[in-house]
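What the coordinates show
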Amino acid sequence: MQNKNLTKTLVIYFIVFYVAWAISTLWLMPIIDLITNEYIASIIKVAILKNLVWTVPAGFLIKKYQDSVEISLNDMFTNKVSWLKYLPIFLLFTIYILVCNYKQYGSIIISPDFKYTDLITVLFVGLTEELVFRGWILNSTIKGKKDDDIYIPIVINALLFLSIHFPRWIADGILITNFASLGFIQVMLLSAIFSYIFTKTKSILVPIALHMYWDLLVFLLG
């Protein structure tokens, strides 16, 4: 009965969450963008609005269903991690983005589209997205599962993670482009990497750090 209640909660949560984020992205954010001060607009969109839609509900639900999730809210932030073990992933991300940067510009340069307000996005997106998709959704679907049984939840999580990008891609007019160029595969691969690491470390901090680092590289060099 407890599993059925959790599954029902997850389904209702994701529907409400998706609708709320779509409305925020397609209608509220364009209004916020009318603010002439870019820093204030970025803080409202990322630090306030995204945290209200993403972080607060996810944190509340992880706490409420602490007996039904694999890793408690406190443990996922306090479990010890051997960070050196994951250094190769940071290096792999760096090499990949540097190669893409070189192919695009003919040399390694800072992206001309980079703005200092992008740093606000880097600081908050990793936290909000990882807490929702790894800390809450994945965490709720791997309870008690053996290593061989976690791959289906990871794949489902990657599909959900991909779908939440659709409103942003629609707003930016790049939805079809990301599918035609197969860019959507990159999003799913990143999700799978973050998810797998979360299941192994029992820590949300490593996926958050990797997510932040990836976003920073993309904004600076992408």
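In this text the structure is predicted, and so the values were computed from the model without any measurement.

Scanning the protein chain for helices and strands turns up 10 helices and 0 strands. Counting helices and strands in the order they occur from the N terminus, the protein chain gives α-α-α-α-α-α-α-α-α-α. Scaling as 2.2 N^0.38, a compact globule of 222 residues should have a C-alpha radius of gyration of about 17 Å, and the protein chain matches this with 18 Å. Counting the 222 residues in the protein chain, one finds 44% classified as buried. Contacts spanning at least 24 positions in sequence make up 80% of the contacts within the protein chain whose residues lie at least 6 apart. Total accessible area on the protein chain is roughly 12,100 Å²; 69% of this is exposed by carbon and sulfur atoms. The distance from the centre of the 17 positive side-chain charges to the centre of the 14 negative ones in the protein chain is 7 Å.

With 24 residues, helix H5 (residues 118–141) ought to run about 34 Å at 1.5 Å a step, and its terminal C-alpha atoms sit 33 Å apart, in line with that. With 19 of 24 residues buried, H5 is to be regarded as a mostly interior element.

Okay, the side chain of Asn157 next. In this fold, Asn157 is placed in helix H6 (residues 151–163). Asn157 has contacts with Phe133, Arg134, Ile137, Leu138, Ser191 and Ser195, leaving out every residue within four places of it along the chain.

This part takes up the environment of Ile176. In this structure, Ile176 sits in helix H8 (residues 175–180). A relative accessible area of 69% means that Ile176 is categorised as exposed. A sequence separation of 27 residues divides Ile176 from Asp149, and the C-alpha atoms of the two residues are 33 Å apart.

It is possible for side chains of opposite charge to pair when their charged atoms get near one another. A complete count under the given rule lists 6 salt bridges for this structure. For the salt bridge of Lys202 with Glu70, the shortest nitrogen-to-oxygen distance reads 3.7 Å. Of this pair, Lys202 sits in the loop between helix H9 (183–201) and helix H10 (205–221) while Glu70 sits in the loop between helix H2 (38–64) and helix H3 (73–78), and the two are 132 residues apart along the sequence. Judged by its relative accessible area of 31%, Lys202 is partly exposed. Glu70 sits in the partly exposed class, given a relative accessible area of 30%.

Within the fold, Glu130 resides in helix H5. Taking the relative accessible area as the measure of exposure, Glu130 reaches 0% and is therefore buried. Side chain to side chain, Glu130 and Arg134 meet in a polar contact 2.8 Å long. Leave out the neighbours within four places in its chain, and Glu130 touches Val125, Gly135, Phe194, Ile204, Pro207, Ile208 and His211.

The next subject is the packing of aromatic side chains. In this description, a pair of aromatic rings is defined by centroid distance and the angle of the planes. Within this structure, the stated rule accounts for 19 aromatic pairs. On the basis of an interplanar angle of 90 degrees and a centroid distance of 6.0 Å, the ring pair of Tyr13 and Trp136 is categorised as edge-to-face. On the criterion of sequence distance, the pair formed by Tyr13 in helix H1 (residues 2–32) and Trp136 in helix H5 is long-range, its members being 123 residues apart. Side by side, Tyr13 and Trp136 carry an identical accessibility label, which is buried. Ring geometry for Phe114 against Tyr116: centres 5.8 Å apart, planes inclined by 75 degrees, an arrangement best described as edge-to-face. What makes Phe114 buried here is its relative accessible area of 19%.

The rules behind each value
Residues numbered from 1 in each chain as written. Predicted model: local features only at pLDDT ≥ 70, side-chain atom pairs only at ≥ 80, totals over all residues. Heavy atoms only, no water. Helix = DSSP H or I, 4+ residues; strand = E, 2+ residues; numbered from the N terminus. Rg over C-alpha atoms; globule rule 2.2 N^0.38 Å. Buried < 20%, exposed > 50% of the residue type's maximum accessible area, 1.4 Å probe, protein only. Contact = heavy atoms within 4.5 Å. Areas by Shrake-Rupley, 256 points an atom, 1.4 Å probe, with all protein chains shown as cover. Lys, Arg positive; Asp, Glu negative; His and termini not counted. Charge placed at Lys NZ, Arg CZ, Asp CG, Glu CD. Expected span 1.5 Å × (residues − 1). Salt bridge = Lys/Arg side-chain N within 4 Å of Asp/Glu carboxyl O. Polar contact = N/O pair within 3.5 Å; in protein donor to acceptor, adjacent residues only side chain to side chain. Phe/Tyr/Trp six-rings, centres within 6.5 Å; stacked < 30°, edge-to-face > 60°.

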